[in-house]
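# Reading the structure
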Amino acid sequence: MTTTTKRLSWLPFLTEDIPAEYTSSAQIARFELNQAMNKLAADKKVELNVLPVQSDDYTIEQQGDTLCITAGEPGILYGAYALMMNLAAGRPLPEGSQQPRYALRMLNCWDNADGSIERGYSGRSLFFEGGKFDYDPKRMRQLGRLLASVGLNVMCINNVNVRYPADQLIESWLPELAELAAIYRPFGVKLMVSIDYSAPMRHGIPTADPLDEQVQAWWKQQAAKVYEAVPDLAGFLVKADSEHRPGPFTYGRNHAEGANMLARALKPFGGKLVWRCFVYNCQQDWRDRKTDRPMAAYEHYAYLDGQFEDNVILQVKNGPFDFQVREPVSPLLFAMPKTDLAIEFQLAQEYTGQQIDIFTMAPMWKEVYDDMGADKVMSIAAVTNFGRDENYTGHPFAAANLFGYGLFAWNPELPPEAIVRMWVCLTYAMDQLSQDALVDLLMGSRRTYEKYTAPLGLGWMVSPNHHYGPSPSGYEYQAWGTYHKASRDAVGIDRTASGTGYLMQYPERFQQLYGTPESCPDVLKLFFHRLRYDYVMADGRTLIQRIYDDHFEGLEETRAMAETLKALPLPEADKAEALERMERQLVNAREWCDIINNFFYGYSGVEDAHGRKIY
Ligand code: GCV
């Protein structure tokens, strides 16, 4: 299978394919600089000073008309891309030694062996088709180039829900895995694989109990085989005891016992065991008011702090639910000072418009980062948003999230607008006013989406299963623990000490901030509090009026976005794609506005203060 890629969103100045024979980052850096420098700064020469170390760090110094990059591998490549991208964007070059904030900057692909992608919105898998590996090596190198250009260094290639035959990745598919790893190695990208916790049971062992000696021996032996084939595999990623996946709970073991068993098998080879904390009861009775799903991760893990092997990384979703348009930061991120943690985001827009609606994430990541304060989280992961579509991300603007994630993972202190502006600047050669207009559109897109979808921190009003479009009661009487409890008088859940007690999982400063409806920011009010529709907000509006207003505003803002988009001088293909998706976004925004407002109007019976028609 071969495909061609015409345009690489933020690297339009790199048009030549990277030759297959390059095996080091320095070779690729030279190749890229050779083809780009003439276009970017013909009056400057670049010298590479390659140090004999493995390191991400790099320094760029200017001496006369020579730019000197000093770094080991793969840092030399990061330095080369930083130099080219800053020159292309007309930005000053980074000064002093550059180091990433997070050591592991991971992507999690949810690709299945049959070629489908769980929550994928950009076509089929780039790696698999028809129950086997099937990829275009040229395209793999293009992707390697994209990832290295923004400093991403680990890619888990298969879905955390491991289904046959993807379990063969660490068994009969090892030679193919090794070939793929060799393609990504010079880009500084190490592969990782998701594994099935119950794998030993398909080899005549009657259990997957982590304390069983046969099970331990099987994993040790398997890890040895895996590392013989791919000596620098980043490690294993595991979803256990979550949404019907197998795990240690079946055997009465906790998740430290479960993770440590695998970690010990990987340790002799320097592998990491990344263990997801997305564990909750997905068989809840909606009448059960004691169980509160956001509390689950903390309850399962916080008490285990300090009990994990030193090569275990616990991967925690950014919020306590599941990638909703807005959630408070997960309290688990503050509760495990003696354990290595990774924060997990989702670039795939499962709940945030599915790469039809525009939803730029940089502002959201920065909010989460700021909330975390001086944290000790050392790794970062994100579910990818790319697939086999020619432009990788379906919506051309969704590339801003992939690009932005890399920049954020390297330096989360960067202002979100600087990230977004850099992407716009590199991707589209436009006049300043048009660039400003696109930056504003992207920067406002998350807030707009939030306004026409999820009121004030509630979330979960999406259509069940596929998660696109409104269905306010769609999840209300289901087993997933995702309720808003709207009644004729009130909506929301009291999660303070007098309610479910969720708030008590947080450090004191959050308890103060979220503790009362008055102190709690509007955007999270209904996440933490149950409020009557006639509750008066700080600006004097009632809660119900605020719900109506937000939805009407969200729709109006989307219409304004459509007008801005029409006027932008984008390349023809991108413009046609963006406009076609905008048509669908407009329909979606209209539906959300009508259906959610109608839902609350039906319950409350309160008319809109401005007399707008509520359908
Ligand atoms: C990979 C959500 C998604 C699932 C996903 C799961 C997870 O529930 O809807 O598709 O499964 O998160 O993060 O494991």
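## A word on the overall build of the protein chain
A tally of helices and strands in the protein chain yields 15 helices and 15 strands. In terms of overall dimensions, the protein chain is globule-like: its C-alpha atoms have a radius of gyration of 25 Å, near the 25 Å expected for 615 residues. Each principal axis of the C-alpha distribution contributes one length, and for the protein chain these read about 70 × 65 × 45 Å. Residues classed as buried in the protein chain amount to 63% of the 615 residues present. Long-range contacts, defined here as pairs at least 24 residues apart, represent 71% of the contacts in the protein chain between residues at least 6 apart.

## Section: unusual backbone geometry
Excluding glycine, residues mostly carry a negative phi; peptide bonds, for their part, are mostly trans. Geometrically, the link from Glu-73 to Pro-74 is a cis peptide bond, its omega value of 5° lying close to zero. Looking at the secondary structure, you find Pro-74 in strand S3 (residues 66–74). Pro-165 follows Tyr-164 through a cis peptide bond whose omega is 5°. Examined against the element boundaries, Pro-165 turns out to sit in the loop between strand S7 (154–156) and helix H4 (174–184). With a phi close to 75°, His-244 is a non-glycine residue in the positive phi region. Taking the relative accessible area as the measure of exposure, His-244 reaches 60% and is therefore exposed. At Gln-355, a position not held by glycine, the phi torsion is positive, near 60°. Inspection of the secondary structure puts Gln-355 in the loop between strand S12 (341–346) and helix H8 (362–372).

## Focus: the environment of Gly-90
With respect to the helices, strands and loops of the structure, Gly-90 is situated in the loop between helix H2 (75–88) and strand S4 (104–108). Accessibility expressed as a relative area gives 62% for Gly-90, which makes it exposed. Taking the C-alpha atoms as reference points, Gly-90 and Ala-26, separated by 64 residues in sequence, lie 24 Å from one another.

## Things to note about the environment of Val-238
Residue placement: Val-238 occurs in strand S9 (residues 235–238). For Val-238, a relative accessible area of 0% translates into the label buried. Separated by 241 residues in the primary sequence, Val-238 and Ala-479 have C-alpha atoms spaced 23 Å apart. The contact partners of Val-238, leaving out residues within four places of it in the chain, are Ile-195, Tyr-197, Leu-262, Leu-273, Val-274, Trp-275 and Arg-276.

## Here's the deal with the nonpolar core
Counting 211 residues, the largest nonpolar core has Trp-10, Phe-127, Met-155, Ile-157, Trp-219, Phe-386 and Phe-600 as the members making the most contacts within it. Other than its neighbours up to four places away in sequence, Trp-219 contacts Ile-170, Ile-195, Asp-196, Tyr-197, Ala-199, Pro-200, Phe-236, Met-261, Leu-262 and Ala-265.

## Description of the sheet that holds S7
Overall, parallel pairing links the eight strands, which are arranged S4-S7-S8-S9-S10-S11-S12-S13 in a closed barrel. If you compare each strand with its neighbour and ignore which way they point, the axes differ by 25° on average. Bridge count between S4 and strand S13 (residues 379–383): five bridges; the pairing is parallel. Note that in S13 the partner of Leu-107 across the bridge is Ala-382.

## Considering the domain arrangement of the protein chain
Reports often express the size of an interface as the amount of accessible area lost when the parts come together. Taken domain by domain, the protein chain holds domain 1 (25–98), domain 2 (104–427) and domain 3 (453–493 + 530–604). Centre-to-centre, using C-alpha coordinates, domain 1 lies 45 Å away from domain 3.

## What to know about the site of the ligand
Around the ligand, 15 residues are found, and the nearest of them are Glu-118, Lys-239, Arg-276, Lys-317 and Glu-350. The contact in question runs from an oxygen atom of the ligand to an N or O atom on the side chain of Lys-317, over 2.6 Å. Notes on the ligand: free accessible area 340 Å², of which the protein chains cover 96%.

## Comments concerning the pairing of S12
Counting buried positions along S12 yields six of six residues, so the element is predominantly enclosed. Summarising the sheet, strand S11 (residues 312–317) and S12 pair through four bridges and their orientation is parallel. Among the inter-strand pairings, Gln-315 is bridged to a residue of S12, identified as Ala-342. Of the pairings in the sheet, the one linking S12 to S13 comprises five bridges and is parallel in character. Within S13, the residue paired with Phe-345 across the bridge is Ala-382. What joins S12 to S13 is H8, and the crossover it makes is right-handed.

## What about the environment of Leu-341?
Examined against the element boundaries, Leu-341 turns out to sit in strand S12. It is 25 Å that separates the C-alpha atoms of Leu-341 and Val-226, two residues lying 115 residues apart in sequence.

## Here's the deal with the packing of aromatic side chains
Inspection of every chain in the model, using the stated rule, returns 42 aromatic pairs. Centroid distance Phe-345 to Trp-365: 6.1 Å. Interplanar angle 55°. Geometry classified as tilted. In this pair, Phe-345 is assigned in strand S12 and Trp-365 in helix H8, connecting sequence segments 20 residues apart. When its relative accessible area of 0% is taken as the criterion, Trp-365 is described as buried. Among the aromatic residues, those joined into a cluster by ring pairs are Phe-321, Phe-334, Tyr-351, Trp-460, Tyr-475, Tyr-502, Tyr-506, Phe-510, Tyr-514, Phe-527 and Phe-528. A cation over a ring is seen here: Arg-293 above Tyr-280, with NZ or CZ 3.6 Å from the ring centre. Sitting over the face of the ring of Phe-527, Arg-495 holds its NZ or CZ atom 4.7 Å from the ring centroid.

## Observations concerning the sheet that holds strand S1 (residues 45–55)
Strand order in the open sheet formed by three strands is S1-S3-S2, and the pairing between neighbours is mixed. Across the chains shown, the open sheet's two edge strands, defined by having one partner strand only, are S1 and strand S2 (58–63). Strand-to-strand twist of the sheet, defined as the mean angle between neighbouring strand axes without regard to direction, takes the value 20°. Two strands pair when backbone bridges link them, and S2 and S3 are joined in this way by six bridges, in the antiparallel orientation. Bridge assignment links Tyr-58 to a residue of S3, and that residue is Ala-71. Along the sheet, H2 makes contact with S1, S2 and S3, crossing S3 at roughly 145°.

Calculation notes
- Residues numbered from 1 in each chain as written.
- Predicted model: local features only at pLDDT ≥ 70, side-chain atom pairs only at ≥ 80, totals over all residues.
- Heavy atoms only, no water.
- Helix = DSSP H or I, 4+ residues; strand = E, 2+ residues; numbered from the N terminus.
- Rg over C-alpha atoms; globule rule 2.2 N^0.38 Å.
- Buried < 20%, exposed > 50% of the residue type's maximum accessible area, 1.4 Å probe, protein only.
- Contact = heavy atoms within 4.5 Å.
- Core = buried A, V, L, I, M, F, W, Y, C linked by side-chain atoms within 4.5 Å.
- Pairing = 2+ DSSP bridges.
- Axes fitted to C-alpha atoms, helices over the stretch in contact; angles between N-to-C directions.
- Domains from an automatic or database assignment.
- Near = heavy atom within 4 Å.
- Polar contact = N/O pair within 3.5 Å; in protein donor to acceptor, adjacent residues only side chain to side chain.
- Areas by Shrake-Rupley, 256 points an atom, 1.4 Å probe, with all protein chains shown as cover.
- Right-handed = clockwise from strand over helix to strand, strands pointing away.
- Phe/Tyr/Trp six-rings, centres within 6.5 Å; stacked < 30°, edge-to-face > 60°.
- Lys NZ or Arg CZ within 6 Å of the ring centre and 35° of its normal.

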